[in-house]
Amino acid sequence: MSDDLSNNKLNEEQEDTLTNRQGHPVTNNQNLRTVGNRGPAVLENYDFLEKISHFDRERIPERVVHARGAGAHGYFQAYGTVGDEPVSKYTRAKLFQEKGKQTPVFVRFSSVIHGGHSPETLRDPRGFAVKFYTEDGNWDLVGNNLKIFFIRDAIKFPDMIHAFKPDPITNIQDSERFFDFCASSPESFHMVTFVYSPWGIPANYRMMQGSGVNTYKWVNQKGVAVLVKYHWEPKQGIKNLTQQEASEIQGTSFNHATQDLYDAIKEGDYPEWELLVQIMSDDEHSELDFDPLDDTKLWPEDQFPWLPVGKMTLNKNPEDYFTEVEQVAFGTGVLVDGLDFSDDKMLQGRTFSYSDTQRHRVGANYLQLPINSPKKRVVTNQNGGQMQYKLDRAPGQNPHINYEPSILGGLKEAVQDGIEHTPYIEGNLVRESIDRQSNTKQAGETYRMFEEWERADLISNLVSDLSSCDQRIQDKMIALAEEADEEYGRRLREGLAQTSTKGSSQKPLGNRDGNKAPDEAVKKGH
Ligand code: HEM
């Protein structure tokens, strides 16, 4: 330790001088303050106590789902049109209106089930969450890469995640628990068909699609709404992995997708996605054999074409993983004027869950963090709470009037721009599932849409994970596959018949041999 005061003074003046969080220069970062150089240490070691107690709190709870992720900054550029029409016909959302208009974005890609450092080769849907920092405040589009989901009612989500996550006793993911839930929730069969095919292991984050999955609304200046689904199409093409390819990658790296994204951006090879929408008139569509609010269904492309509305480019890596990627908070409730909710029951359940978990995960003032805060002024009467560090006040605002309305001053309500969308709703309060469930039809269509190597990998993966499951679960899964497509069911039945059920009673998902994908596995298109 230096006892030279002038040297200390010099230190204080230098920009790289180490300080503690009180701004005190740290003159000795190597030794505790002790009685003699062999100890014991004294409790007055403020620098040490501050340093170690901050370290003890370096982690926040990881996301209950989607803990493993990677992020990047970029921008969205609007086309001003939706297909051949002006976008204003359907939505007044400002970010879409003008051709060439740019809106900054932050994107976080993720896997769903395992923890923050789990391998990125695991079979799992991938999260695709985009925060648009628009002039009207933030818009979050929180989606996945597979365009559909396992369930259609939010009340089933905690059970589904419990079944998919590791067993509460062994802490090992167990395919029997996974298929037990899926066999008993036939609406999941379409998603299971995607997840067990190579589409369940995208080659990396740059070469996968994204989708809002749930049905939203667009609202125009007259307050007229349409139903809308969002999709991201990668300009890099789509590439998925067979189980065998994924296992080979996992043998050498469990961070390959994060590395791929980081390196591409660092090297200036900026990934791009086009944003496309499917539009339906805002009604129940009794002519369809499925409900447009059912997120286990694809909207047929021939009837509801994918219409381009803009393009996203990712061109900047995060400066700090924790500050940006870990603390970023997306939610389906975060919409701007011109965008609205549909009655999709999953969307409505999700909308409560995200901000609720973020108040717990990040803290009550999570929206004040730079990554979450809109890039426009924020002026509210909300105040206080753990870790508030600034006031969201208007310049010159009377600090005594922290309420509204007031005749003495304070903040005023905004003026509504455009006519509000006010849908008429009536009906009995019930606990019932929707009509038109059509649980397996689209799974059959998806099976037939796959190329042969994808079908072979799907069957091999299903056989491998189902073989250790209770016979009743196997029978139910075979019945669902037969209902979807005769060949799908037959191949699954034959595959399982050939497999011995001996061996471990508990089997992790994945780690099986699959079929090799052809080299031309890079795809374009929807
Ligand atoms: C993350 C709940 C369905 C996509 C999360 C988180 C929760 C959650 C609590 C953690 C958020 C955080 O800690 O910041 C739910 C519930 C659902 C549901 C209750 C159904 C009722 C879905 C669906 C999708 C999806 C259908 C895909 C369309 C995501 C994504 C993330 C996420 C991408 C990670 C966001 C990020 O990168 O920070 N979800 N989720 N979720 N969810 Fe969901």
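Residues numbered from 1 in each chain as written. Predicted model: local features only at pLDDT ≥ 70, side-chain atom pairs only at ≥ 80, totals over all residues.

(A) Structural view of the overall build of the chain. Looking only at helices and strands, the chain features 14 helices and 12 strands. Looking at the chain alone, contacts between residues at least 24 apart form 74% of all its contacts between residues at least 6 apart. (Helix = DSSP H or I, 4+ residues; strand = E, 2+ residues; numbered from the N terminus. Contact = placed C-beta atoms within 7 Å.)

(B) Inspection of the UniProt feature "active site" (unreviewed entry) in the chain at higher detail. Those places that UniProt annotates as "active site" (unreviewed entry) correspond, in this numbering, to H66 and N144. A maximum C-alpha distance of 10.6 Å places the annotated residues, which cover 79 residues in sequence, within one compact spot. Not counting residues up to four positions away in its chain, the partners in contact with H66 are S110, V112 and G127. When you line up the elements, N144 lands in strand β6 (residues 137–144). Overall, N144 belongs to the buried group, with 25 C-beta atoms counted inside 10 Å. Setting aside its immediate chain neighbours within four residues, N144 contacts P125, R126, G127, F128, S211 and V213. (UniProt positions renumbered as here; feature names shortened; annotations may be inferred. Buried ≥ 20, exposed ≤ 12 C-beta atoms within 10 Å, placed from the backbone.)

(C) Spatial organisation of the nonpolar core. Grouped together as the largest cluster of nonpolar side chains are 60 residues, with contacts concentrated most on V105, V107, F132, V228, L275, V277 and V309. Residue contacts for V107: discarding those within four places in its chain leaves G71, A72, G74, A129, V130 and L314. Core analysis: the second largest hydrophobic core is formed by 40 residues, I113, L146, F179 and V213 among them. (Core = buried A, V, L, I, M, F, W, Y, C linked by C-beta atoms within 7 Å.)

(D) Inspection of the environment of F194 at higher detail. Topologically, F194 is positioned in helix α6 (residues 189–195). Accessibility expressed as a C-beta count within 10 Å gives 23 for F194, which makes it buried. Linking F194 and N204, residues 10 residues apart in sequence, is a C-alpha distance of 16 Å. Other than its neighbours up to four places away in sequence, F194 contacts L146, W199, G200 and T446.

(E) Helix α7 (residues 243–250), seen in detail. Residues of α7 that are buried: Q243, E245 and A246. All buried residues of α7 fall inside an arc of 160° around its axis, so they share one side. Buried residues belonging to α7 abut α12 (452–466). (Arc of directions from axis to C-beta.)

(F) Spotlight on the site of the ligand. H66, R108, G127, A154 and V213 are the nearest of the 27 residues found near the ligand. The dominant element in the shell around the ligand, judged by the number of residues it contributes, is helix α10 (residues 345–361), at eight residues. Looking at the shell around the ligand residue by residue, the class counts come to 13 nonpolar, 10 polar and four charged. (Near = placed C-beta within 6 Å. Nonpolar A, V, L, I, M, F, W, Y, C, P; charged D, E, K, R; others polar.)

(G) Geometry of the confidence of the model for the chain. Confidence in the prediction of the chain, expressed as mean pLDDT, is 93, and 92% of residues score 70 or more. Confidence drops under pLDDT 50 across residues 1–6; counting only partners more than four residues distant or on other chains, this segment forms five contacts. Segment residues 501–506: pLDDT under 50, and eight contacts once partners within four positions in sequence are set aside and those in other chains are kept. Predicted complex, confidence summary: ipTM 0.97, pTM 0.93. (pLDDT = per-residue confidence, 0-100.)

(H) Expanded view of the environment of L314. Structurally, L314 can be placed in strand β11 (residues 307–316). On the neighbour-count criterion, L314 (24 C-beta atoms within 10 Å) is buried. A C-alpha to C-alpha distance of 9.5 Å links L314 and G71, two positions 243 residues apart in sequence. If near-sequence neighbours (up to four positions away) are discounted, L314 is found in contact with A72, H73, G74, V107, I265, Y270 and P271.

(I) A look at helix α8 (residues 256–266). Within the span of α8, buried status applies to A257, T258, L261 and I265. End-on, the buried residues of α8 take up no more than an arc of 105°, which puts them together on one face. Opposite its buried face, α8 presents the exposed residues D263 and K266, each directed more than 90 degrees away. Check the buried side of α8 and you find it contacts β1 (69–78) and β11.

(J) Broad picture of unusual backbone geometry. In this model, G39 is joined to P40 through a cis peptide bond whose omega is 5°. The step from E404 to P405 runs through a cis peptide bond, and the omega angle for that step is 10°. Relative to the helices and strands, P405 is located in the loop between α10 and α11 (441–449). Here H66, not a glycine, exhibits a phi torsion of approximately 60°, which is positive. Note that H66 resides in the loop between α2 (46–56) and β1. By the C-beta count within 10 Å, which is 22 here, H66 ends up buried. A positive phi angle, near 60°, is found at N171, a position not held by glycine.

(K) Just the packing of helix α4 (residues 157–164) against helix α5 (residues 175–183), in detail. As a packed pair, α4 and α5 sit with axes 7 Å apart at the nearest point and diverge in direction by 150°. As summarised for this structure, α4 and α5 are arranged roughly antiparallel, according to the angle between their axes. Along the contact surface, α4 presents D159, M160, A163 and F164, while α5 presents R177, F178, D180 and F181. When the residues that make up the contact of α4 with α5 are grouped by side-chain class, the tally is five nonpolar, no polar and three charged. (Axes fitted to C-alpha atoms, helices over the stretch in contact; angles between N-to-C directions. Parallel < 35°, antiparallel > 145°, perpendicular 65-115°, else oblique.)

(L) Quick look at the packing of α12 against helix α14 (residues 486–498). Packing of α12 against α14 leaves a shortest axis separation of 9 Å and a crossing angle of 45°. If you check the angle between α12 and α14, you find them oblique. For the crossing formed where α12 meets α14, the hand is right-handed. Residue-level inspection shows I459, L462, V463 and L466 of α12 in contact with α14, the latter providing R491, L492, G495 and L496. (Left-handed = near helix turned anticlockwise from the far one by under 90°.)

(M) Layout of the environment of R472. Locating R472 in the fold gives a position in helix α13 (residues 471–484). Take R472: there are 10 C-beta atoms within 10 Å of it, and that puts it in the exposed class.

(N) Representation of the UniProt feature "domain: Catalase core" (unreviewed entry) in the chain within the structure. Per the UniProt record, the feature "domain: Catalase core" (unreviewed entry) sits at residues 19–412. Between the end C-alpha atoms of residues 19–412 there is a gap of 43 Å, over a span that is 21% helix and 20% strand.

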